[in-house]
Amino acid sequence: MARVMAYVDQTLKQTNPELYIIQLEQAQIDLGIGQPVIVQYFMWLKETLSGNFGYTLAGHVQVIDYVKAPMLNTVKLNLLVMFFVFIITFPLGIKTAVKKYSTFDNGVQIFTIVGMSLPSFFIALISILIFSAWLRILPSSGSNSGIIVRETMTAFQRLLDNLKYMVLPVFVLTISSLAGITRYVRGTMIDILQQDYIRTARAKGLREKVVIYSHAFRNAMIPVVTIMTGWILGIFGGSTITETIFAWKGMGKTLYDALMQGPDYSVILAMNLFYTMLGLVGNLLLDMLYTVVDPRVKLG
Amino acid sequence: MKKRNLFQNIKEILIVIGRAIKSAFVRGFLGNNKEMTIFEEEAVQSPLRVTAKKFFKNKMAIVGLTVFLGVLLFCFVGSIFIKADVFYINTTQGNTSPGFSLLDVPKGLKENGILDIAISSTYSMGIDKENNVYIWGIDVDHIAEEFPMGLAAPEDLAYGQAITTGLKCTRVWSGTNHFILEQMDGSLISFGVVTDTLSFGLTTIPTALQTKNALTQNVTINVVQEIIDDGGVLEVIAENQVTMVITNANKAYMWGNTSKRPYNIAKGLLGKNAVYAGFSRENITFLLDDGTIKIMGTGSLSSNTPTDQLTGIVQLVTTAGSAICLKDDGTIVAWGDNLSKELNFDPAIQGHVVKISKAAQGSDNFQHISAILDDGSVYSWGSETYGATDVPKSLRNTTEAVNIYSGFFQNFVTDEEGNLLGSWGLKGHLFGTDEYGRDVFARVINGGRISLTIGLVAVIISTTIGIIIGGISGFYGGKVDIFLMRFAEIVGSIPFFPIAMTLSVILNQTYPDFGPTERMVMIMLILGVLSWTGLAQLIRATILSEREKEFVVAAKALGVKSRAIIFKHIIPNVLTIIIINATLSYAGSLLTESGLSFLGFGVQLPYPSWGNMLSGAQEMEVIKSFWWRWVFPSIFLCIATISINIIGDAIRDAVDPRSKER
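Keep in mind the model is a prediction, meaning the values are calculated, not measured.

K.L.:
Any chance you could break down the overall build of chain A for me, citing the residues and the numbers?
P.N.:
From N to C terminus, chain A includes 13 helices and zero strands. For chain A, the N- to C-terminal ordering of α and β elements is α-α-α-α-α-α-α-α-α-α-α-α-α. Intrachain contacts of chain A at a sequence separation of at least 6 include 68% that bridge at least 24 residues.

K.L.:
Lay out the overall build of chain B in plain terms, naming residues and giving numbers.
P.N.:
Counting its secondary structure elements, chain B contains 19 helices and 24 strands. Among the 662 residues that make up chain B, the fraction classed as buried is 47%. Sequence-distant contacts, at least 24 apart, represent 57% of the contacts inside chain B between residues at least 6 apart.

K.L.:
Tell me what's going on with the packing of helix H6 (residues 103-117) of chain A against helix H9 (residues 155-193) of chain A, and back it up with residues and numbers.
P.N.:
All names here are of chain A. Contact geometry of H6 with H9 gives a least axis separation of 8 Å together with a crossing angle of 130°. The angle between H6 and H9 falls in the class oblique. Taken as a pair, H6 and H9 cross one another with a handedness that is left-handed. Across the interface between the two elements, Val108, Thr112, Gly115 and Met116 of H6 pack against Ile175, Leu178, Ala179, Gly180, Thr182 and Arg183 of H9.

K.L.:
Which residues make up the sheet that holds strand E18 (residues 332-336) of chain B, and what values go with them?
P.N.:
Residues and elements named next belong to chain B. Judged by pairing direction, the sheet is antiparallel, and its three strands sit side by side in the order E16-E17-E18 without closing on themselves. The open sheet has two free edges, formed respectively by strand E16 (313-318) and E18, since each of these has just one partner strand. Between one strand axis and the next, the sheet turns by 15° as a mean value, whatever way the strands run. One ladder, built from five bridges, connects strand E17 (residues 322-327) with E18; its direction is antiparallel. For Leu326, the partnering residue across the bridge sits in E18 and is Ile332.

K.L.:
I'd like a description of the interface of chain A and chain B, backed by residues and values.
P.N.:
Opposite the 34 residues of chain A that make contact, chain B presents 33 residues. Counting residues per element, the ones that place at least two in the side of chain A that touches chain B are H6, helix H7 (120-134), helix H11 (208-245), helix H12 (251-260) and helix H13 (265-293) of chain A. Taken together, the residues of the side of chain A that touches chain B sort by class into 24 nonpolar, ten polar and no charged.

K.L.:
Summarise the environment of A:Phe111; cite the residues concerned and give the values.
P.N.:
Tracing the backbone through its elements, the reader meets A:Phe111 in helix H6. Each C-alpha atom, one on A:Phe111 and one on A:Ile64, is 42 Å from the other, the two residues being 47 residues apart in sequence.

K.L.:
Tell me about the pairing of strand E1 (residues 114-119) of chain B, and name the residues and values.
P.N.:
Residue and element names in this part refer to chain B. The element E1 is largely enclosed, with a buried count of six among its six residues. By the bridge criterion, five bridges tie E1 to strand E2 (residues 123-128) in an arrangement that is antiparallel. Across the sheet, Asp116 pairs through a bridge with Ile127, a residue of E2. Taking the residues between adjacent antiparallel strands as the criterion, E1 and E2 are bridged by three residues.

K.L.:
Got a sec to walk through the packing of helix H4 (residues 59-81) of chain B against helix H11 (residues 440-476) of chain B? Specific residues and values, please.
P.N.:
Residues and elements named next belong to chain B. At a minimum axis separation of 8 Å, H4 and H11 run at an interaxial angle of 115°. Considering their axes alone, H4 and H11 lie roughly perpendicular with respect to each other. Classified by chirality, the crossing of H11 by H4 is left-handed. Residues Leu72, Phe74, Cys75, Phe76, Gly78 and Ser79 of H4 lie in contact with H11, whose contacting residues are Ile445, Asn446, Gly448, Arg449 and Leu452. Tallied by class, residues from the contact of H4 with H11 come to six nonpolar, four polar and one charged.

K.L.:
So, the environment of B:Gln604: which residues are in play, and what are the values?
P.N.:
Considering the arrangement of structural elements, one finds B:Gln604 in the loop between helix H17 (562-599) and helix H18 (620-624). Leave out the neighbours within four places in its chain, and B:Gln604 touches B:Pro516 and B:Arg519.

K.L.:
So what's going on with unusual backbone geometry? Residues and values would help.
P.N.:
Positive phi, close to 50°, is recorded for A:Ala247, a residue that is not glycine. By the secondary structure assignment, A:Ala247 is in the loop between H11 and H12. Phi angles above zero are rare outside glycine, and B:Asn338 is one such case at about 60°. In this structure, B:Asn338 sits in the loop between E18 and strand E19 (353-356).

K.L.:
Please give an account of helix H4 (residues 37-49) of chain A that cites residues and values.
P.N.:
All names here are of chain A. Helix length check: H4 (13 residues) gives 18 Å between terminal C-alpha atoms against 18 Å at 1.5 Å per residue, within 8%. Among the 13 residues that make up H4, zero are buried, leaving the element largely open to the surroundings. Phi for Gly51, located one or two positions after H4, is positive at around 90°.

K.L.:
Give a detailed account of the pairing of strand E15 (residues 293-296) of chain B, specifying residues and quantitative values.
P.N.:
For strand E14 (residues 284-288) of chain B and E15(B), the ladder comprises four bridges, and the chain directions are antiparallel. Pairing of B:Phe286 across the sheet is with B:Lys294, part of E15(B).

K.L.:
Report on the confidence of the model for chain A, specifying residues and quantitative values.
P.N.:
On average, chain A scores 79 in pLDDT, and the residues at 70 or more come to 86%. Confidence scores differ between elements of chain A, with helix H1 (residues 2-7) of chain A showing the lowest mean pLDDT of 56 and helix H10 (residues 196-203) of chain A the highest of 87.

K.L.:
Describe the nonpolar core, listing the residues and the values that go with them.
P.N.:
Within the largest apolar cluster, 144 residues are counted, with the highest numbers of intra-cluster contacts made by A:Met271 and B:Met501. Per-element tally for this core: the top contributor is H17(B), with 16 residues. Built from parts of two domains, this core gets at least three residues from each of domain 1 (1-57) and domain 3 (457-606 + 638-659) of chain B. The contacts of A:Met271, once residues within four sequence positions are left out, are A:Val67, A:Met251, A:Thr254, A:Leu255, A:Ala258 and B:Pro498. Formed by 83 residues, the second largest nonpolar core is a distinct cluster that contains B:Val133, B:Ile246, B:Phe286 and B:Val317.

K.L.:
Explain H10(A) to me, using residue names and the numbers behind them.
P.N.:
Here H10(A) lies mainly on the outside; zero of its eight residues are buried. Count one or two residues on from H10(A) and you reach A:Gly205, which has phi positive near 90°.

K.L.:
Residue-level account of the sheet that holds E2(B), with values.
P.N.:
All names here are of chain B. Read across the open sheet, the three strands follow the order E1-E2-E3; overall the sheet is antiparallel. Every other strand in the sheet has two partners, leaving E1 and strand E3 (133-137) as the edge strands with one partner each. Adjacent strand axes in the sheet meet at a mean angle of 20° when their direction is disregarded. Pairing between E2 and E3: five bridges, direction antiparallel. Counterpart to Tyr123 in the pairing with E3 is Gly137.

K.L.:
Describe the confidence of the model for chain B, and please don't skip the residues or the numbers.
P.N.:
Residues and elements named next belong to chain B. Per-residue confidence for chain B gives a mean pLDDT of 80, with 88% of residues at or over 70. Low confidence marks residues 194-202, where pLDDT is under 50. Its contacts with residues over four positions away, or in another chain, come to 24 contacts. Interface scoring of the predicted complex returns ipTM 0.83; its pTM is 0.82.

Criteria and cut-off values
Here the residue index of a chain counts from 1 through its sequence in written order. Labels follow written order: the first chain is A, the first ligand is 1, and so on. Only residues with pLDDT of at least 70 are given local features in this predicted model, and only at 80 or more are side-chain atom pairs given and counted; all residues enter the totals for whole chains, interfaces and linings. In this text, helices come from DSSP runs of H or I with a minimum length of four residues, and strands from runs of E with a minimum of two, each type numbered from the N-terminal end. By definition, residue pairs are in contact when their C-beta atoms, positioned from the backbone, come within 7 Å. We call a residue exposed when 12 or fewer other C-beta atoms sit within 10 Å of its C-beta, buried when the count reaches 20 or more, and partly exposed for counts in between; the C-beta positions come from the backbone. Axis angles are defined between N-to-C directions and span 0 to 180 degrees, where every axis is a line fitted to C-alpha atoms and, for a helix, only to the segment in contact. Should an angle fall under 35 degrees it is taken as roughly parallel, and over 145 as roughly antiparallel, whereas 65 to 115 is taken as roughly perpendicular and any remaining angle as oblique. Left-handed describes a crossing whose near helix is turned anticlockwise from the far helix by less than a right angle; the clockwise case is right-handed. Should DSSP find at least two bridges between two strands, the strands are taken to pair. Residues are grouped as follows: Ala, Val, Leu, Ile, Met, Phe, Trp, Tyr, Cys and Pro are nonpolar; Asp, Glu, Lys and Arg are charged; every other residue, Gly included, is polar. Take the number of residues in a helix, subtract one, and multiply by 1.5 Å to get its expected span. Scored from 0 to 100, pLDDT records how confident the predictor is in each individual residue. Think of a nonpolar core as buried Ala, Val, Leu, Ile, Met, Phe, Trp, Tyr and Cys residues chained together by C-beta atoms that fall within 7 Å. Per the annotation, domain bounds derive from an automatic or database assignment of domains.

Quick look at the structure:
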């Protein structure tokens, strides 16, 4: 029923009640209400495959238009997070693996255990408390300063404005995924540093840097890429909480709003579809990445 | 039939685990720690035993295990003793910060002797024999919500102290959030939230009060001038945002938020002389100078009034729905709706009561009355919440009690000279209270029990599914393997949080009449059903390598059934992997449960869980000012997950043959 309601512009109810009833009946026929569920499913599938995801409950907007901007936002956010996670975790993981059981390593180990165990919303709340409430340097919610303020800005200022609202979500997501990857990189590096070919490389008299970054690290990438799949799914899913806390207009927040208001089934279905697609595309990309990091693997 | 076999198999696995743990404890704690070489060790001890022994040698592991067991005990045993009343609502006690200073009478007041005490929601005011004013208690931070600009909060106690320093007063009365003080010259001043327009600070008594006279004409009254003209104040009665003054000429003026009881007092009291009054939910009750009662309004007090007994009354105390009158012969007459058990006093005190406590206003249904008996001892009855009626033994047996001051959940008793004989009632809250006045400590304990249980059951579900699917897939191989692994990949490729949120909402929509228990079961199922894939793939991979080993070939050659081979020969060998995975995913599922609950898709309020206790913290005000509402549950959540992760790590270290020790 909610889908039928969403299919028809609700404002018509006030402005043109007769047309509203006609459209409502037409919507029931279009959506196949009353027919077997399996028929309804295929009708939905047909529409979806042709790019029609239905309309949102509030505002009667095409779902595809409604979710386009948040999706792009989330992808941007998560790409930034991935970038930061990579440039932090890889050097950290390698360093801890090389200096195994040193004070530095033990310190990082404790830090990562704690980091793995902290819920992301706790980190988010703490960072809001510090950066928004105490220091007052970063905004605690929203994805930009609002249309009124932005009208007076130049394009560059708008970009800065966007970035300013992204700082805290990116920070929180990065912190909460640092620990797991660091540990994994460390683990694989330790394994690989014990391999015979590393000993050979050292015996050849290669510089330690070359041994670690050229011989060991290339090989350590292979298992790391394997867990990337799960991790990327994890951050896309996990950013739901962070986006909701910061009221940052991304996929997670859109899904949250759709679930809370209504629920708005068209949007929910579309969002879940996109999430699954993201997961599959991520899997595919990583499979391709395998061939890059491991020349022995060939696709097809 | 098949199902029963499965359970038998699980039972066998549990027995194996149990034996391993038992032997580990025997080894770890009862000695037999003779050092052995690696080869001896491998020859004599099973891998599980070696693992357990190494685990218990790891200091971090012991610390983690101890802390985790501590949290477990704290939540499960604690929740037996400390029950959280999830439906308890008492906004007067809302957002109280942690602390136990509600009964801490200031030193100066104790030394100089107590003249008067008035108790408000979370703080009290006292006057000593030298007419100095003291204020103590816990900041009433819920006022901060009404003042988003931070005018009054959260330093209002310090603010109150600053305001009242230097004041010389003779009497004090309290409302829910405000005090009225009588100064030496007989004039009144007030402090706190006084009117419906909410002014916090030192406020004045109205000089232009709009009201109606006995002929229902609108008049403007200068209350300050009236008090001077009438020769001072007889009594002040205050409640939530409303104040009434009875002057020495027995005239009553009421100001503040009168919308709850919009009665024409002047008309009702025409020809009568009021000496005292009491507010109830819908009534105003007056005690007249001839010892009778006049009730205004149509609430619970106006029905079933024992009018024939209401003569010769010397003292009147009203609660939200009941009235208690003390007669001159020391007996008590009480009537009303009895919601706070105001009428359930011990009949033995009849005829012996000298004085009943001044007032017990505010906080509907959580009200109590205290009395001084003719032998100088103290008796208390009414709502037992927060020990408000638990009179200490010393006060029950004392013979010196003369004055008693009670209100909300606090009571103070003094003797003839104004020395404090004792106090009882609510001291404060260890972790503060949330917005409804519920004790955060009790909710942390009970929420912990719910969170830990949900996490545990979810892990058991996912581990069981993982073992079964991974085991079948790994052992049978072929088409079954391909089908099951593709299925696992499909389930695994759906991002967890969005689908869990969606499932939670859709299941709630489909079954709207689910009770809280069913909803918790639902969350367990969602968590369990979505998170088994990793373990299944891991088990499959391990079994693939295990099943080629000699002992499996031998078992096959002996004609052992394939199911028995899986569960009796292979699973025990992949047990360590299962234990590590289950431990780590227990921490994970605690985090996901709390994440879901935090967003409102998990355990539904008012039932507490560590996650949804934080959901109030989506507001800036809560994050900043009411830190105790989110810091304590998250600290417990973090401690639990950190210790579980340490345990999991230690098990992995112990299992891994390449770990430090070798």
